[in-house]
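Structure assessment
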Amino acid sequence: MYSNHSSDPRRPDKEHRFKPKTVNTDNQALTPGEDLTSDYMNILGMILSMCGLLMKFKWAAWCAMFCSCISFANSKASDDNKQIFSSFMLSMSAIVMSYLQNAHPMSPPWSTAFG
């Protein structure tokens, strides 16, 4: 029976086929290996976008764009693409509106503290 493959260390009775965990889309529970970087960056980007739009902070608008790019880069295929796209467009509008209101180059937030 095993005369041809006597040096083969594999045991066919111990082999188990990999089965990925099924994800419940209605009520997702946090699994130990789940990465929430995309969600955190998406929320942070929306908060910074609103600060850029309402308070006309250029640095907040640029940070929001950076956060939305990180959110897009870390998103999974199963994530909601509309939310990521809306975060990106909100940060883009914050940049455009802050430069339309004040076309001067951006100065760092700490430059006024020492001036």
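Now for a look at the structure at hand. (Residues numbered from 1 in each chain as written. Predicted model: local features only at pLDDT ≥ 70, side-chain atom pairs only at ≥ 80, totals over all residues. Heavy atoms only, no water.)

The next point concerns the side chain of Ser-91. One can find Ser-91 in helix 3 (residues 81-101). Overall, Ser-91 belongs to the buried group, its relative accessible area being 0%. In contact with Ser-91, not counting residues within four places along its chain, are Ser-49, Ala-61, Ala-64, Met-65 and Ser-68. (Helix = DSSP H or I, 4+ residues; strand = E, 2+ residues; numbered from the N terminus. Buried < 20%, exposed > 50% of the residue type's maximum accessible area, 1.4 Å probe, protein only. Contact = heavy atoms within 4.5 Å.)

Counting across every chain of the model gives two aromatic pairs. On the numbers, 5.6 Å between centres and 20° between planes, the contact of Phe-57 with Trp-59 is stacked. On the basis of relative accessible area, Phe-57 is assigned to the partly exposed category, the value being 33%. Seen in terms of ring centroids, Trp-62 and Tyr-99 are 6.5 Å apart; in terms of plane orientation they differ by 75°. Their pairing is edge-to-face. Of the two residues, Trp-62 is situated in helix 2 (residues 58-73) and Tyr-99 in helix 3; the sequence distance between them amounts to 37 residues. Assessed through its relative accessible area of 26%, Tyr-99 is described here as partly exposed. (Phe/Tyr/Trp six-rings, centres within 6.5 Å; stacked < 30°, edge-to-face > 60°.)

Helix 2 packs onto helix 1 (residues 37-55) with a crossing angle of 160° between their chain directions and a minimal axis gap of 8 Å. On the basis of the axis angle, helix 1 is roughly antiparallel to helix 2. The two elements helix 1 and helix 2 cross, and the hand of that crossing is left-handed. Contact residues: helix 1 offers Ser-38, Met-41, Asn-42, Leu-44, Gly-45, Leu-48, Ser-49, Cys-51 and Gly-52, while helix 2 offers Ala-60, Ala-61, Cys-63, Ala-64, Cys-67, Ile-70 and Ser-71. Taken together, the residues of the contact of helix 1 with helix 2 break down into 10 nonpolar, six polar and no charged. (Axes fitted to C-alpha atoms, helices over the stretch in contact; angles between N-to-C directions. Parallel < 35°, antiparallel > 145°, perpendicular 65-115°, else oblique. Left-handed = near helix turned anticlockwise from the far one by under 90°. Nonpolar A, V, L, I, M, F, W, Y, C, P; charged D, E, K, R; others polar.)

Between helix 1 and helix 3, the shortest axis-to-axis distance is 9 Å and the interhelical angle comes to 25°. Comparing their axes, helix 3 and helix 1 come out roughly parallel. When the axes of helix 1 and helix 3 are compared, the crossing they make is left-handed. Contact residues: helix 1 offers Asn-42, Met-46, Ser-49, Met-50, Gly-52 and Leu-53, while helix 3 offers Gln-83, Ile-84, Ser-86, Ser-87, Leu-90, Ser-91, Ser-93, Ala-94, Met-97 and Ser-98.

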